[in-house]
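Here's the letter readout for the chains.
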Amino acid sequence: MEESMEVVSETSRGSVLKIIEEKDKIEKEIEALMGVLSTNRVGMHDPLVDAEGYPRQDIDVYQVRHARHRIVCLQNDHKSLMKEIERGIHALHSGGSSNENDEAMQEPQPVGDTIAVVNKVTPGSPASLAGLEVLDRIIEFGSVNSANFRSLANIGFVADSSKNRPVTVVVLRDNRIVRLSITPKPWLGPGLLGCNIVLPENVDR
């Protein structure tokens, strides 16, 4: 019986790792498509027609439209895969597995209260690719938590000082603790994250 359970655990773990590989491929394709937009000097929402309503001559309109459409589709696929990964990790944990790979994927327990709430995430941004969602309640952002949080500037400082390096972010989502890894970096939009956060009291009241 124990051998059978171990085989199931190995299979489940392999399935999760496969989904993670798919997620990584999608992120690379999105990054390449964002490069297409960057080459045309447009973002996801810049107009593709001029003031008179004619297609802009300074960009490849067809290429940009195709890239934007593909990015939106991939974003939806990415969100679905992130949910599958979460479910897979929960399934592994509920099965009592305790090897090193499972421990590495375990979600941490919160160390304090909510310090900020996400109220906007731009598609294709570092925050979006990392799986951050609107209404996520941030409990930890790198070294910042409720014990040392003073203002939103604390989070901005961590993001700025961690440029091109992954930052662990712990959020409360639908009464579940979710651990994310976000890499602040320049992209087509403003800032290094591509999301907007507010203080909890600005959401709760």
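Quick note: structure is the one above.
Computed from a predicted model, the values in this text were never measured in an experiment. (Residues numbered from 1 in each chain as written. Predicted model: local features only at pLDDT ≥ 70, side-chain atom pairs only at ≥ 80, totals over all residues. Heavy atoms only, no water.)

**Comments concerning the overall build of the protein chain**
Summing up its helical and strand segments, the protein chain has 6 helices and 5 strands in all. Walking the protein chain from its N terminus toward its C terminus, one meets helices and strands in the order α-α-α-β-α-β-α-β-β-β-α. Of all 205 residues assigned to the protein chain, the portion counted as buried reaches 39%. In the protein chain, 64% of the contacts between residues at least 6 apart in sequence involve partners at least 24 apart. (Helix = DSSP H or I, 4+ residues; strand = E, 2+ residues; numbered from the N terminus. Buried < 20%, exposed > 50% of the residue type's maximum accessible area, 1.4 Å probe, protein only. Contact = heavy atoms within 4.5 Å.)

**Examining the nonpolar core**
Of all hydrophobic cores here, the largest spans 22 residues; its most connected members are Ile115, Leu132, Ile138, Phe141, Ile155, Val169 and Val171. Mapped onto this core, the elements with two or more residues apiece are strand E1 (116-121), helix H4 (126-130), strand E2 (137-141), helix H5 (152-161), strand E3 (167-173) and strand E4 (176-182). Once you skip the residues sitting within four places of it in the chain, Val169 turns out to touch Ile138, Glu140, Phe141, Val178, Arg179, Leu180 and Ile182. In terms of nonpolar packing, the next biggest core, distinct from the first, is built from 18 residues, Ile19, Ile59, Val61 and Leu129 among them. (Core = buried A, V, L, I, M, F, W, Y, C linked by side-chain atoms within 4.5 Å.)

**Overview of H5**
Counting along an α-helix, one turn takes 3.6 residues, and residues three or four places apart therefore face a common direction. Every buried residue of H5 is accounted for by Ile155, Val158 and Ala159. Buried residues of H5 fall within an arc of 100° about the axis and therefore sit on the same side. Exposed residues pointing more than 90 degrees away from the buried face of H5 are listed as Ala153, Phe157 and Asp160. Check the buried side of H5 and you find it contacts E1, E2, E3 and strand E5 (195-198). (Arc of directions from axis to C-beta.)

**Observations concerning the layout of surface pockets**
If you add up the space inside the second largest pocket, you get close to 290 Å³. Sorting the residues of the lining of the second largest pocket by element identifies E1, H5 and E5 as the ones contributing at least two each. With 5 residues, the top contributor of residues to the lining of the second largest pocket is H5. Of the residues that constitute the lining of the second largest pocket, the class distribution is 10 nonpolar, 5 polar and 2 charged. (1 Å grid on protein atoms, 1.4 Å probe; cavity = no way out; pocket = protein on both sides within 12 Å on 5 of 7 lines; lining within 4 Å. Points joined across faces, edges and corners; volume = space filled by probe spheres on them. Nonpolar A, V, L, I, M, F, W, Y, C, P; charged D, E, K, R; others polar.)

**Brief notes about the environment of Cys73**
Tracing the backbone shows Cys73 in helix H2 (residues 61-94). C-alpha of Cys73 to C-alpha of Ile30: the two residues are 43 residues apart in sequence and 9.8 Å apart in space.

**A few points about the pattern of salt bridges**
Under the defined criterion, the tally for this structure stands at 4 salt bridges. Notably, a salt bridge pairs Glu29 with Arg70, separated by 2.9 Å at the nearest N-O pair. With Glu29 in helix H1 (residues 2-39) and Arg70 in helix H2, this pair connects stretches of sequence that are 41 residues apart. For Glu29, a relative accessible area of 31% puts it in the partly exposed group. Exposure remark for Arg70: the relative accessible area of 31% places this residue in the partly exposed category. The partner of Asp58 in a salt bridge is Arg56, and the shortest N-O contact between them spans 2.8 Å. By relative accessible area, which is 44% here, Asp58 ends up partly exposed. Look at the salt bridges and you will find they share partners, linking Glu133, Asp136 and Arg173 into a network. (Salt bridge = Lys/Arg side-chain N within 4 Å of Asp/Glu carboxyl O.)

Nothing here speaks to function; it is all geometry.
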